[in-house]
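Geometric and topological summary
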2 protein chains.
Amino acid sequence: MDTLPVYLDCDTGIDDALALAYLMAQPEADVRGIGTVSGNTDSGTAARNTLDLLALLGHDDVPVAVGEHDFLAAPYAGGAPHVHGANGIGGVQLAPADRQVEAESAAEMLVSLARASAGTLRVIAIGPLTNLARALELEPRLPGMVHSVTVMGGAALAPGNVTAVAEANIANDPEAAHAVLTAGWPVNLVPLDVTMAHLLEEPHRQRLAESERPAAQVLASMLGHYFEFYRDIFGRGCSAMHDPLAVAIALGSVVAESAPRVPVVVDTSDGPGRGQTVCDLRGKYRGYEDRRGATCRVVLRVDADFCEHLTLSLTEPATSAPSPAAA
Amino acid sequence: MDTLPVYLDCDTGIDDALALAYLMAQPEADVRGIGTVSGNTDSGTAARNTLDLLALLGHDDVPVAVGEHDFLAAPYAGGAPHVHGANGIGGVQLAPADRQVEAESAAEMLVSLARASAGTLRVIAIGPLTNLARALELEPRLPGMVHSVTVMGGAALAPGNVTAVAEANIANDPEAAHAVLTAGWPVNLVPLDVTMAHLLEEPHRQRLAESERPAAQVLASMLGHYFEFYRDIFGRGCSAMHDPLAVAIALGSVVAESAPRVPVVVDTSDGPGRGQTVCDLRGKYRGYEDRRGATCRVVLRVDADFCEHLTLSLTEPATSAPSPAAA
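Residues numbered from 1 in each chain as written. Chains lettered and ligands numbered in written order. Predicted model: local features only at pLDDT ≥ 70, side-chain atom pairs only at ≥ 80, totals over all residues. Heavy atoms only, no water.

As annotated in an unreviewed UniProt entry, chain A carries the name Purine nucleosidase and is attributed to Zhihengliuella halotolerans.

1. Regarding the interface of chain B and chain A
Heads up, the rule is: For this analysis, residues touch if any pair of their heavy atoms sits within 4.5 Å. Here the buried area means the combined drop in accessible surface, using a 1.4 Å probe, for two parts upon being joined, counting both sides. By definition, a salt bridge exists where a carboxyl oxygen of Asp or Glu is found within 4 Å of a side-chain nitrogen of Lys or Arg. Under the rule applied, a polar contact is a pair of N or O atoms within 3.5 Å (in protein, one hydrogen donor and one hydrogen acceptor; residues adjacent in sequence only if both atoms are side-chain atoms).
Facing 32 residues of chain B, the contacting portion of chain A comprises 32 residues. It is Pro159, Arg282 and Tyr285 of chain B in chain B that bury the most area against chain A; as a group they hold 29% of the surface buried on that side. Taken together, the connections running from chain B to chain A amount to zero salt bridges. Applying the counting criterion to the chain B and chain A interface returns five residue pairs in polar contact (both at pLDDT 80 or more).

2. Brief notes about unusual backbone geometry
Residue and element names in this part refer to chain A. Worth spelling out the cut-off: Starting at the N terminus, helices and strands are each numbered in turn, a helix being any DSSP run of H or I of at least four residues and a strand any DSSP run of E of at least two.
In this model, threonine 12 is joined to glycine 13 through a cis peptide bond whose omega is 5 degrees. For alanine 118, which is not glycine, the phi dihedral falls at a positive 50 degrees. If you trace the backbone, alanine 118 turns up in the loop between helix H4 (106-116) and strand S4 (122-125).

3. Description of the relation of the copies chain B and chain A
How we decide: Here the copies were fitted onto each other by least squares, based on C-alpha atoms from residues at pLDDT of at least 70 in both.
Relative to chain A, chain B is turned by 180 degrees and slid 0.0 Å along the rotation axis, the superposed coordinates differing by an RMSD of 0.0 Å. Considering both components of the superposition, the chain copies are consistent with a two-fold axis. The C-alpha atom lying nearest the rotation axis in chain B is that of leucine 157 of chain B; the distance is 2.5 Å. Comparing interface residues between copies, 100% of those in chain B also lie at the interface in chain A; the contact surface is shared.

4. Remarks on helix H2 (residues 43-56) of chain B
Residues and elements named next belong to chain B. Here is the rule: The span one expects for a helix is its residue count, reduced by one, times 1.5 Å. Three labels apply to residues, based on accessible area from a 1.4 Å probe with only protein chains included: buried if under 20% of the type maximum, exposed if over 50%, partly exposed otherwise in between.
Along its 14 residues, H2 runs 20 Å from first to last C-alpha, staying within 8% of the 20 Å computed at 1.5 Å per residue. All of the buried residues in H2 are Ser43, Ala46, Ala47, Asn49, Thr50, Leu51, Asp52, Leu53 and Leu54. Where H2 is buried, its residues contact strand S1 (4-10), helix H1 (14-24), strand S2 (29-36), strand S3 (64-66) and helix H10 (214-234). The opening residue of H2, the one whose side-chain oxygen lies 3.0 Å from the backbone nitrogen of glycine 44, is aspartate 42. Immediately downstream of H2, the backbone of glycine 58 shows phi near 75 degrees, a positive value.

5. Details of the packing of H1 of chain B against helix H12 (residues 306-315) of chain B
In a packed pair of helices, the relevant descriptors are the angle between the two axes and the axis-to-axis distance. Residues and elements named next belong to chain B. The test is simple: As a rule, the C-alpha atoms of each element are fitted with a line to give its axis, helices using only the stretch in contact, and angles between N-to-C directions run from 0 to 180 degrees. The cut-offs work like this: below 35 degrees is roughly parallel, past 145 is roughly antiparallel, 65 to 115 is roughly perpendicular, and the gaps in between are oblique. In a left-handed crossing the near helix is turned counterclockwise from the far helix by less than a right angle, and in a right-handed crossing that turn is clockwise.
Between H1 and H12, whose axes approach to 9 Å, the crossing angle comes to 65 degrees. With respect to their mutual orientation, H1 and H12 come out roughly perpendicular. H12 is crossed by H1, and the crossing has left-handed handedness. Residue-level contacts link Leu18, Ala21 and Tyr22 of H1 to Phe306, His309, Leu310, Ser313 and Leu314 of H12.

6. Regarding the nonpolar core
What counts, and what does not: Among buried residues, the Ala, Val, Leu, Ile, Met, Phe, Trp, Tyr and Cys ones that are joined through side-chain atoms within 4.5 Å form a nonpolar core.
The biggest cluster of nonpolar side chains holds 73 residues, and the ones touching the most others in it are Leu18 and Met222 of chain B. Counting residues per element, this core draws most heavily on H10 of chain B, at eleven residues. Excluding anything up to four places from it in sequence, leucine 18 of chain B contacts Leu200, Leu208, Leu219, Leu223, Met241, Pro244, Leu310 and Leu314 of chain B. Of all hydrophobic cores here, the second largest spans 72 residues; its members include Cys10, Leu245, Phe306 and Leu310 of chain A.

7. A word on the sheet that holds S2 of chain B
Residues and elements named next belong to chain B. Keep this limit in mind: Here the rule is simple: two strands pair whenever DSSP picks up at least two bridges between them.
Pairing is parallel across the open sheet formed by seven strands, whose spatial order is S3-S2-S1-S4-S5-S6-S12. The strands lining the two open edges of the sheet, one partner per strand, are S3 and strand S12 (296-298). Going across the sheet, the axis of each strand differs from the next one's by a mean of 20 degrees, ignoring polarity. Here strand S5 (residues 148-152) runs beside strand S6 (residues 187-190); their pairing, made up of four bridges, is parallel. Within the sheet, the bridge partner assigned to methionine 152 lies in S6 and is valine 190. Each of S1, S2, strand S4 (122-125) and S5 is contacted by helix H5 (residues 130-138), which is oriented at about 115 degrees to S1, the strand it contacts most.

8. Considering the packing of aromatic side chains
The criterion, for reference: Two rings from Phe, Tyr or Trp (for Trp, the six-membered ring) form a pair when their centres sit within 6.5 Å of each other. Planes less than 30 degrees apart are called stacked, planes more than 60 degrees apart edge-to-face, and all others tilted.
Overall, the coordinates contain twelve aromatic pairs over all chains when judged by the stated rule. Taken together, a centroid distance of 6.0 Å and an interplanar angle of 75 degrees make the contact between tyrosine 22 of chain B and phenylalanine 306 of chain B edge-to-face. In this pair, tyrosine 22 of chain B sits in helix H1 while phenylalanine 306 of chain B sits in helix H12, placing the two residues 284 residues apart along the sequence. For the pair formed by tyrosine 22 of chain B and phenylalanine 306 of chain B, the shared burial category is buried. Consider the rings of tyrosine 226 of chain B and tyrosine 230 of chain B, whose centres lie 5.1 Å apart with planes at 85 degrees: the pair is edge-to-face. With tyrosine 226 of chain B and tyrosine 230 of chain B both in helix H10, this residue pair falls four residues apart, about one helical turn. As far as burial versus exposure is concerned, tyrosine 226 of chain B and tyrosine 230 of chain B are alike and both buried. Through a chain of ring-to-ring contacts, the aromatic side chains of Tyr226, Phe229, Tyr230 and Phe234 of chain A together with Tyr285 of chain B assemble into a single cluster.

9. A closer look at the pairing of strand S5 (residues 148-152) of chain A
For a regular strand, side-chain orientation follows a simple rule: the groups alternate between the two sheet faces. All names here are of chain A. Cut-off, in case you're wondering: Note on handedness: a clockwise path from strand one over the helix to strand two, with the strands aimed away from the viewer, defines a right-handed crossover.
The element S5 is largely enclosed, with a buried count of five among its five residues. Side-chain alternation along S5 places Ser148, Thr150 and Met152 on one buried face and Val149 and Val151 on a second face that is also buried. In terms of strand pairing, S4 meets S5 through four bridges, oriented parallel. Paired with valine 123 across the strands is valine 149, a residue of S5. On the question of chirality, the crossover connecting S4 to the parallel S5 by way of helix H5 (residues 130-138) is right-handed.

10. Structural notes on empty space enclosed by the protein
Short version of the rule: Here a cavity is any set of points on a 1 Å grid over the protein atoms alone where a 1.4 Å probe fits but cannot get out, and a pocket is any open set with protein on both sides within 12 Å along at least 5 of 7 lines; a residue lines the site when it has an atom within 4 Å of a point. Grid points are joined across faces, edges and corners, and a volume is the space filled by probe spheres set on the points. All amino acids are sorted into three groups, where Ala, Val, Leu, Ile, Met, Phe, Trp, Tyr, Cys and Pro are nonpolar, Asp, Glu, Lys and Arg are charged, and the leftover types, Gly among them, are polar.
Taken as a whole and judged by the stated rule, the model has two cavities of 30 Å³ or more. The computed volume of the largest cavity comes to approximately 140 Å³. In terms of lining, the largest cavity is formed by 20 residues, of which the most central are Ala156, Leu157 and Gln276 of chain A together with Ala156 and Gln276 of chain B. Of the voids in this model, the second largest cavity is the one considered here, and its volume is about 40 Å³. Around the second largest cavity sit Ala21, Leu57, Arg213, Ala215, Ala216, Leu219 and Leu314 of chain A, which together line it. Ranked by residue count, the leading element in the lining of the second largest cavity is helix H10 (residues 214-234) of chain A, at three residues. Grouping the amino acids of the lining of the second largest cavity by side-chain chemistry returns six nonpolar, no polar and one charged.

11. Points about the sheet that holds strand S2 (residues 29-36) of chain A
Residues and elements named next belong to chain A. The parallel open sheet is built from seven strands, whose spatial order is S3-S2-S1-S4-S5-S6-S12. A single partner strand is all that each edge strand has here, and the edge strands are strand S3 (64-66) and strand S12 (296-298). When strand polarity is set aside, the average angle formed by the axes of neighbouring strands in this sheet is 20 degrees. Here strand S1 (residues 4-10) runs beside S2; their pairing, made up of seven bridges, is parallel. In the strand pairing of S2, leucine 4 is matched with alanine 29. Those strands touched by H4 are S1, S2, S3 and S4, and its axis lies near 155 degrees from that of S2.

12. A short note on the pattern of salt bridges
Taken as a whole and assessed by the stated rule, the structure comprises 32 salt bridges over all chains. Among the ionic pairs, arginine 274 of chain A bridges to glutamate 175 of chain A, the shortest N-O distance being 3.0 Å. Here the residue arginine 274 of chain A occupies a position in the loop between strand S10 (264-266) and strand S11 (277-279), and glutamate 175 of chain A occupies one in helix H7 (residues 174-181), the gap between them amounting to 99 residues. With a relative accessible area of 26%, arginine 274 of chain A lands in the partly exposed category. One salt bridge connects arginine 141 of chain B with glutamate 139 of chain B, and the closest N-O pair in it is separated by 3.1 Å. Looking at arginine 141 of chain B, the relative accessible area reads 61%, which means it is exposed. Residue classification places glutamate 139 of chain B among the buried positions, given a relative accessible area of 3%. Among the charged side chains, a network of salt bridges with common partners joins Glu68, Arg134 and Glu137 of chain A.

So, in structure tokens, the structure goes:
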């Protein structure tokens with residue numbers, strides 16, 4: 001099997017934890033390094049959570065680097081404890097891994113992995129884009145040195161989640177997001193338009209809880225907290241699988257049914273649109289076409305039953321291909 | 001029959017011409033005055049077009065006032081001749097009406113009509129909102145003096161039409177739009193989300209062309225120009241009925257199936273979101289609820305077959321109620 005070199009940038013985070021577990025369960029993924037950034041929680045806590053999760057998952061060999069604590073234009077302001085719990089992972093206490101983070105920063109790790117991967121590195125960013133923006137400063141040729149950048153973030157034609165139009169990962173650091181989304185590398189943007197359509201429901205959570213795999217049981221426990229947050233949004237306990245879906249798209253495990261390449265910028269003004277991913281989707285009415293020169297694919301629809309695939313991946317030893325969505 | 005006092009503010013404009021013809025065909029509408037504003041064309045040309053159309057429609061008794069030529073924060077920059085033709089009405093030459101506009105401005109007319117209507121005046125704005133903003137300056141108590149304000153404009157979860165996120169009426173004068181949409185009066189906002197779903201197709205246009213009513217024939221002729229513009233957008237000759245739909249909603253002839261009252265502001269920054277109607281539709285996922293204190297209803301869906309209703313209204317003497325949409 002050809003392996004796919006991966007650098008993951010995360011702010012672990014409950015759905016980051018699921019994304020990490022999903023990623024480590026994919027036999028084709030060759031995870032060369034993980035960087036953390038502030039977002040759901042601070043970058044140091046995110047690194048601790050990541051190390052502990054990797055230990056639980058039996059992958060103590062993957063290096064973890066701490067990334068930026070503050071955003072490009074603003075200090076970190078405390079994360080989202082109402083969503084992810086005070087410790088970022090829903091209050092669940094993990095057994096502490098007996099190793100430490102790398103000496104290099106997340107941005108340095110990304111640059112060195114890109115240099116060592118001959119254009120094959122898949123960058124997956126499921127937190128604010130501060131580390132990626134710093135890496136672009138460190139190595140301006142970086143956009144030509146990677147396979148692709150998949151970003152969970154933004155809202156195209158869907159409502160935002162932290163303002164009417166802005167999604168949390170982008171809103172946390174709009175300046176970084178603008179730099180990353182317009183850097184010219186091939187980006188898969190995985191916005192709320194598609195992630196809010198893939199919900200892990202209580203029966204999925206039950207299957208994780210009842211799994212013989214300890215990691216699945218731990219994830220089910222974290223999801224209890226996450227489900228409560230989403231009760232206000234969906235009217236029932238469930239949760240969007242933002243970050244795991246981005247990982248699946250990055251690896252090609254899930255194929256987008258609609259993902260036009262269109263101009264995308266991030267609103268870095270101080271107006272009411274600050275943090276919005278402004279995606280030019282005016283082609284909607286006659287079927288989207290890729291726009292000449294655009295480098296960002298905006299993933300609008302995925303037809304696979306992703307949450308079934310995710311649940312299988314987390315509860316069974318072997319990987320399963322996603323099945324088509326029910327009609 | 002109870003009549004509904006109406007003030008119409010328009011930038012005539014091809015779909016304004018259809019809206020005007022539709023409005024004058026509704027027996028319950030008591031059109032007390034019409035003001036013009038720059039937008040599709042300049043306010044003076046819009047007034048000339050309006051006078052000539054009223055003559056054609058046999059309604060030479062409705063006073064017309066010229067409104068603002070320039071926008072609050074920018075000069076008028078030439079309108080949209082590529083959409084509406086150089087004369088605003090697709091190059092069609094109308095017989096000149098033998099009367100002139102009123103001496104008062106559109107804003108003055110709106111204020112005096114509101115004062116004389118004891119809270120019953122329906123304000124319908126189908127162009128940029130400059131005149132309404134000026135009227136709010138002239139009479140700060142205006143929001144408490146009218147029945148409602150129905151605005152064709154904006155894009156909530158739909159793409160914009162002049163930028164990725166901004167619609168033309170709002171983008172022409174974002175400062176005026178912000179003042180109008182946040183003034184506290186009851187607003188029906190009729191954005192592209194709903195207007196782009198109601199298309200006049202070639203068979204409708206043929207019925208107008210073959211009607212015995214001269215005004216219908218003239219409107220069919222204008223639509224030839226408008227259809228060509230929309231060919232790039234929909235991939236066929238047809239056109240959205242933005243302005244007529246707003247008139248129908250204002251009169252209650254068409255009832256919105258989804259129109260939540262939510263916070264709405266207009267982006268008046270200089271960022272990429274300038275001119276966007278930022279509507280807080282985060283309630284989408286569990287069914288919209290009206291938000292406490294919100295005064296702006298955002299019309300998202302209308303289930304009537306509006307373009308059939310419109311075509312009947314313009315071709316038959318008697319008014320017809322819209323039929324339910326086909327399943």
